[in-house]
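Now for the letters of each chain:
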Amino acid sequence: MTCRPVSFHNMLFIRWFIILFLSCMTIRVNFCFSNNPSSLKTLSVDGHFVFDDVHHASKDFGNRFRFFPVAVLHPRSVSDIAATIRHIWQMGSHSELTIAARGHGHSLQGQAQAHRGVVVHMESLQGSKMQVHGGKRPYVDASGGELWINILRESLKHGLTPKSWTDYLHLTVGGTLSNAGVSGQAFQHGPQISNVHQLEVVTGKGEIVNCSEKQNGDLFHSVLGGLGQFGIITRARISLEPAPDMVKWIRVLYSDFNTFTRDQEHLISAQNTFDYLEGFVIINRTGLLNNWRSSFNPQDPVQASQFESDGKTLFCLELAKYFKTDKKDRANEEIVKLLSQLRYIPSTLFLSEVPYIEFLDRVHVSEVKLRSKGLWEVPHPWLNLLIPKSKIHDFAEEVFGNILTDTSNGPILIYPVNKSKWDNRTSVVIPEEDTFYLVAFLSSAVPSSTGKDGLEHILSQNRRILEFCDTARLGVKQYLPHYTTQQEWKTHFGPQWDVFVQRKSSYDPLAILAPGHRIFQKAIPFS
């Protein structure tokens with residue numbers, strides 16, 4: 001008789017069967033647990049549960065999906081989160097309860113919602129023992145529910161700042177670290193997940209685990225960019241550096257895409273370069289200079305007043321140089337030298353000088369204006385893509401030349417990052433090439449419209465873009481991904497799928513966590 005080797009997936013199935021069996025045993029022994037969510041009412045926590053007024057936890061920034069939970073946990077401590085997860089874990093596979101961590105509610109497609117499950121209001125942990133430490137390797141310890149804007153303000157009191165950001169700072173630490181956290185500093189410092197020393201995580205078994213690169217390293221790398229699938233980030237130790245005082249903020253325009261990308265790629269590979277670099281696309285816009293320059297001043301007002309876009313598609317390069325007040329002259333010299341290496345349209349050089357915190361929190365200013373006009377809480381059918389450098393011109397030719405005819409529904413960001421700044425041990429999926437572009441279509445839809453600014457039209461454009469990427473085999477990966485079937489998730493993860501499944505089996509074997517992503521279903525064996 002010969003023994004056949006057990007395949008990886010068969011091993012997972014066997015392990016899954018054993019877990020289900022033990023879960024059923026647990027249910028028989030702990031007969032007080034049932035599928036009835038009212039069992040949560042008997043759970044002893046320092047914070048509190050809300051069972052009636054749960055509508056707020058059923059919506060997000062995307063404003064397209066609404067899944068109502070049975071309860072919202074407002075934790076006062078990490079122990080509350082652990083106790084709740086452990087309670088659901090002990091109920092076993094026969095309970096339908098799942099749990100999702102909700103930060104500031106900026107998910108796009110229901111990722112932080114839990115249909116008939118429990119949503120954890122992570123912002124309840126804000127302000128809990130945020131500590132800034134100086135020295136040779138400065139860092140800040142902060143709650144997973146803390147907003148990045150609060151971390152910035154606290155760090156600046158000590159003359160320090162985090163290195164890597166998102167464009168919008170009113171997001172929670174746990175939320176961005178569960179994805180990646182990308183902005184114009186990523187080419188130099190990597191995403192936010194590349195700037196974390198240590199995490200405190202509550203796993204899908206209700207265990208509180210401290211992890212870092214050297215301690216529980218697999219969990220550490222699993223959770224970073226892990227879409228909330230392996231644990232809830234309740235605390236993070238984030239790397240800091242000396243903070244600047246001011247920022248020289250610059251915008252220039254290009255009419256040629258090849259020149260635009262060549263200059264971007266030159267700047268992200270240069271030794272001495274800008275501290276921030278992003279770009280965006282402007283298609284057939286009227287009143288161009290009034291729209292894109294904001295409060296910027298033209299370097300040459302006469303030339304700027306004579307510039308006409310002629311309805312062409314233009315590409316804006318946005319740059320920033322940080323500096324201390326007493327180093328302003330040196331910063332200006334470096335800026336002049338760097339700009340001399342670029343081939344933008346000379347009459348479109350616009351500059352502004354602002355405090356560091358004002359630059360980083362720039363999007364919040366727009367939020368306040370939009371809220372005042374009732375234009376913030378509308379559907380946001382955003383599409384974020386990571387595109388290999390070798391395919392960016394094919395992508396641009398089709399998408400900016402044929403599929404999109406206007407950019408009036410929201411900004412289109414486009415800028416390159418260096419793969420060497422990303423850690424391939426994390427759960428994030430990125431293109432294989434050394435340089436790839438982030439392209440973000442940040443659309444806002446008019447709820448009542450059936451025209452080009454309506455939700456269906458924008459979603460149709462998004463589908464056309466994705467279909468082109470697939471047909472042309474561009475090797476594109478979605479950032480902030482969303483799929484509806486496990487097969488699509490398998491395709492997304494590619495060769496990393498088996499590792500992702502193995503990690504899920506280790507840290508959340510009953511698939512309790514983050515059900516809104518629809519990667520795994522509770523109590524169904526992984527395949």
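Figured I'd write up the structure that's included with this text. (Residues numbered from 1 in each chain as written. Predicted model: local features only at pLDDT ≥ 70, side-chain atom pairs only at ≥ 80, totals over all residues. Heavy atoms only, no water.)

**Some thoughts on the overall build of the protein**
For clarity, the threshold we go by: Strands here mean DSSP runs of E at least two residues long; helices mean DSSP runs of H or I at least four residues long; both are numbered from the N terminus. Burial classification: accessible surface area is computed with a 1.4 Å probe over protein chains only, and a residue below 20% of its type maximum counts as buried, one above 50% as exposed, and the rest as partly exposed. Contact between two residues is taken to exist if any of their heavy atoms lie within 4.5 Å; hydrogens are not considered. For accessible areas, the Shrake-Rupley method is used with a probe of radius 1.4 Å. Any residue's cover is judged against the shown protein chains and nothing else.
For the protein, the helix and strand inventory stands at 16 helices and 19 strands. By the burial criterion, 55% of the 527 residues in the protein qualify as buried. Taking the intrachain contacts of the protein between residues at least 6 apart in sequence as the baseline, contacts between residues at least 24 apart amount to 75%. By element, 50% of the accessible surface of the protein is carried by carbon and sulfur atoms, the whole surface being about 23600 Å².

**A word on the packing of helix α13 (residues 392-403) against helix α14 (residues 455-471)**
Just so we agree on the cut-off: Only C-alpha atoms enter the line fits that serve as axes; for helices the fit covers just the stretch in contact. Angles between N-to-C directions range over 0 to 180 degrees. An angle below 35 degrees is read as roughly parallel, one above 145 as roughly antiparallel, one from 65 to 115 as roughly perpendicular, and any other as oblique. Less than a right angle of anticlockwise turn of the near helix away from the far helix marks a crossing as left-handed, whereas a clockwise turn marks it as right-handed.
Put simply, α13 and α14 touch, their axes get as near as 11 Å, and they point 150° apart. Classified by the angle their axes make, α13 and α14 are roughly antiparallel. You can see that α13 and α14 cross each other, and the crossing is right-handed. Two secondary-structure elements touch here, α13 through Asp394, Phe395, Glu398, Val399, Asn402 and Ile403 and α14 through Gln461, Arg464, Ile465, Phe468 and Cys469.

**Details of the sheet that holds strand β16 (residues 383-388)**
How we decide: Pairing between two strands requires that DSSP report at least two bridges joining them.
Pairing is antiparallel across the open sheet formed by nine strands, whose spatial order is β13-β15-β11-β14-β12-β17-β18-β16-β19. Pairing within the sheet leaves two strands with one partner each, and these edge strands are β13 (297-298) and β19 (477-478). Along the sheet, helix α7 (residues 257-269) makes contact with β11 (246-254), β12 (276-282), β14 (314-323), β17 (412-418) and β18 (435-441), crossing β17 at roughly 40°.

**Observations regarding the packing of aromatic side chains**
Our working definition: Pairing of aromatic rings covers Phe, Tyr and Trp, the last counted by its six-membered ring, and requires centre-to-centre distances within 6.5 Å; plane angles under 30 degrees mean stacked, over 60 mean edge-to-face, and any other angle means tilted.
Counted under the stated rule, the structure contains 28 aromatic pairs. With a centroid separation of 5.4 Å and 25° between ring planes, the pair formed by Phe260 and Phe315 is classed as stacked. Note that Phe260 is positioned in helix α7 and Phe315 in strand β14, a separation of 55 residues in sequence. Owing to a relative accessible area of 0%, Phe260 belongs among the buried residues under this scheme. Ring geometry for Phe493 versus Trp497: centroids 6.0 Å apart, planes at 40°, classification tilted. Using a relative accessible area of 5% as the deciding quantity, one classes Trp497 as buried.

**Let's talk about helix α15 (residues 486-493)**
Formally: It is the directions from the helix axis to the C-beta atoms whose arc is reported.
What α15 keeps buried is the set Trp489, His492 and Phe493. Relative to the axis of α15, the buried residues are bounded by an arc of 85° and lie together on one face. Contacts made by the buried residues of α15 are with β19 and α16 (497-507).

**Here we look at the nonpolar core**
Worth spelling out the cut-off: By convention a nonpolar core is built from buried Ala, Val, Leu, Ile, Met, Phe, Trp, Tyr and Cys residues, the set being connected through side-chain atoms within 4.5 Å.
Counting residues in hydrophobic clusters, the biggest one holds 115 residues, and the most contacted among them are Leu177, Leu199, Phe395, Phe400 and Phe441. Per-element tally for this core: the top contributor is β14, with seven residues. Beyond its immediate chain neighbours, meaning those up to four positions away, Leu177 contacts Trp148, Gln192, Ile193, Val196, Leu199, Val223, Leu224, Gly225, Ile233 and Ala236. If you look at the next biggest cluster of nonpolar residues, it comprises 23 residues, including Leu43, Phe49, Val120 and Val202.

**Describing the pattern of salt bridges**
What counts is decided by this rule: The salt bridge definition used is simple: a Lys or Arg side-chain nitrogen within 4 Å of an Asp or Glu carboxyl oxygen.
The final tally for this structure, using the stated rule, is 19 salt bridges. The closest approach of N and O atoms between Arg116 and Glu96, which form a salt bridge, is 3.2 Å. Here Glu96 lies in the loop between α2 (78-91) and β3 (99-102) and Arg116 lies in the loop between β3 and β4 (118-121), a separation of 20 residues in the sequence. Take Arg116: its relative accessible area is 48%, and that puts it in the partly exposed class.

**What about the sheet that holds strand β2 (residues 71-74)?**
Taken in spatial order, the four strands line up as β1-β2-β4-β3 in an open sheet, and their pairing is mixed. Strand pairing shows two members of the sheet lacking a second neighbour, β1 (48-50) and β3, which therefore form its edges. Taking the axes of each pair of neighbouring strands and ignoring which way they run, one obtains an average angle of 25° across the sheet. Summarising the sheet, β1 and β2 pair through three bridges and their orientation is antiparallel. Following the sheet pairing, Val50 is matched in β2 by Val72.

**Brief notes about the side chain of Arg362**
Inclusion rule: Counted as a polar contact is a pair of N or O atoms within 3.5 Å, where, for protein atoms, one must be capable of donating a hydrogen and the other of accepting one, and residues adjacent in sequence contribute only when both atoms are in side chains.
You can see Arg362 is positioned in helix α12 (residues 362-372). Of note is the side chain of Arg362, whose polar atom sits 3.2 Å from the side chain of Tyr276. Ignoring any residue separated from it by four or fewer positions in sequence, one finds Arg362 in contact with Asp167, Ser183, Trp249 and Tyr276.

**Here's the deal with the pairing of strand β9 (residues 208-212)**
As paired elements, strand β8 (residues 196-203) and β9 share five bridges and run antiparallel to each other. Directly across from Val202, in β9, lies its bridge partner Ile208.

**With respect to the pairing of strand β10 (residues 231-242)**
As defined by bridge partners, strand β6 (residues 139-143) adjoins β10 across five bridges and the pair is classed as antiparallel. Across the sheet, residue Tyr139 finds its bridge partner in β10, namely Ser239. One ladder, built from three bridges, connects strand β7 (residues 160-162) with β10; its direction is antiparallel. Bridging from a neighbouring strand, Leu160 pairs with Pro242 of β10. Alignment of β8 against β10, held across seven bridges, turns out to be antiparallel. Bridging across to β10, Thr203 finds its partner in Gly231.

**A few points about helix α10 (residues 328-339)**
In plain terms, the rule: Here a helix's expected span is defined as the number of its residues, less one, multiplied by 1.5 Å.
In this model α10 runs 16 Å from its N-terminal to its C-terminal C-alpha over 12 residues, within 8% of the 16 Å that 1.5 Å per residue would give. All buried positions along α10 are accounted for by Ala331, Glu334, Ile335, Leu338 and Leu339. Buried residues of α10, viewed axially, fall in a sector of 125°; they line one side. For α10, the exposed residues set more than 90 degrees away from the buried face come down to Asp329, Arg330, Glu333, Val336 and Lys337. Buried residues along α10 sit in contact with β11, α7 and β14.

**Comments concerning the environment of Asn409**
Inspection of the secondary structure assignment puts Asn409 in the loop between α13 and β17. With a relative accessible area of 17%, Asn409 lands in the buried category. Distance from Asn409 to Val446, taken between C-alpha atoms, is 8.9 Å for residues 37 residues apart in sequence. Polar contacts involving the side chain of Asn409 include one to the main-chain carbonyl oxygen of Lys452, which spans 3.0 Å.

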